[in-house]
Amino acid sequence: GLYLKYGNSRLRFGSFPFFLGDKLSVILMGLPSEINWMQLDLRFIEERYEIRGSGKNRRQEVICYQLYHESRTLKGREVASSGKRSLAWDLPGESELTSTLSQRPARFWELEVKGDTPGVDYHSSFLLPVYARG
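The following paragraphs examine the structure supplied in this document. (Residues numbered from 1 in each chain as written. Predicted model: local features only at pLDDT ≥ 70, side-chain atom pairs only at ≥ 80, totals over all residues. Heavy atoms only, no water.)

What follows is about the pattern of salt bridges. All chains considered together, the criterion is met by ten salt bridges. The partner of R43 in a salt bridge is E110, and the shortest N-O contact between them spans 3.2 Å. On the criterion of sequence distance, the pair formed by R43 in strand β4 (residues 37-52) and E110 in strand β7 (residues 107-116) is long-range, its members being 67 residues apart. Here R43 matches E110 in class, with each residue buried. One salt bridge in this structure joins E50 and R52, with 2.6 Å as the shortest N-O distance. The class of E50 is buried, set by a relative accessible area of 19%. Overall, R52 belongs to the partly exposed group, its relative accessible area being 31%. Members of the salt-bridge network, linked through shared partners, are D41, R43, E110 and E112. (Salt bridge = Lys/Arg side-chain N within 4 Å of Asp/Glu carboxyl O. Helix = DSSP H or I, 4+ residues; strand = E, 2+ residues; numbered from the N terminus. Buried < 20%, exposed > 50% of the residue type's maximum accessible area, 1.4 Å probe, protein only.)

If you want it as structure tokens, here you go:
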């Protein structure tokens, strides 16, 4: 599995939690030493429960809707060979983009990291604590 090849990737938060309208700064740790490019996707997602099918085939499914998305690609030397990379984003200020994991529909921020490396490609996803102030 990926775990055996890359060990345990971690995300160190610059502050906790993050607030909408402020800067989100993190350090991605445990990256593979050889990486050709890395794609970073910062997203705000809403999970909705929807009924699909009809009659006896009706079932409830969780559908994820992306309500905010920002993508970046880093190439070669921009990805640190030390296995660490500092990253920063300016978060949008809209208070409706606050994380509400315990409510239904659940709404949350995530950072997805994909990397092109020799052999098995790198892929990791991290939940981010992003809230409205007050």
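With that settled, consider the packing of aromatic side chains. Counting across every chain of the model gives four aromatic pairs. Between Y68 and W109, the ring centres sit 5.3 Å apart and the planes meet at 55 degrees, which makes this aromatic pair tilted. One end of the pair, Y68, is in strand β5 (residues 59-75); the other, W109, is in strand β7, with 41 residues separating them in the sequence. The exposure class assigned to W109 is buried, which follows from its relative accessible area of 0%. Each residue in the set F13, F16 and F18 is aromatic and connected to the rest through ring pairs, giving one cluster. Lying across the ring of Y65, R48 places its NZ or CZ 4.2 Å from the centre. Looking at R133, its charged tip hangs above the ring of F19, at a distance of 4.2 Å from the centre. (Phe/Tyr/Trp six-rings, centres within 6.5 Å; stacked < 30°, edge-to-face > 60°. Lys NZ or Arg CZ within 6 Å of the ring centre and 35° of its normal.)

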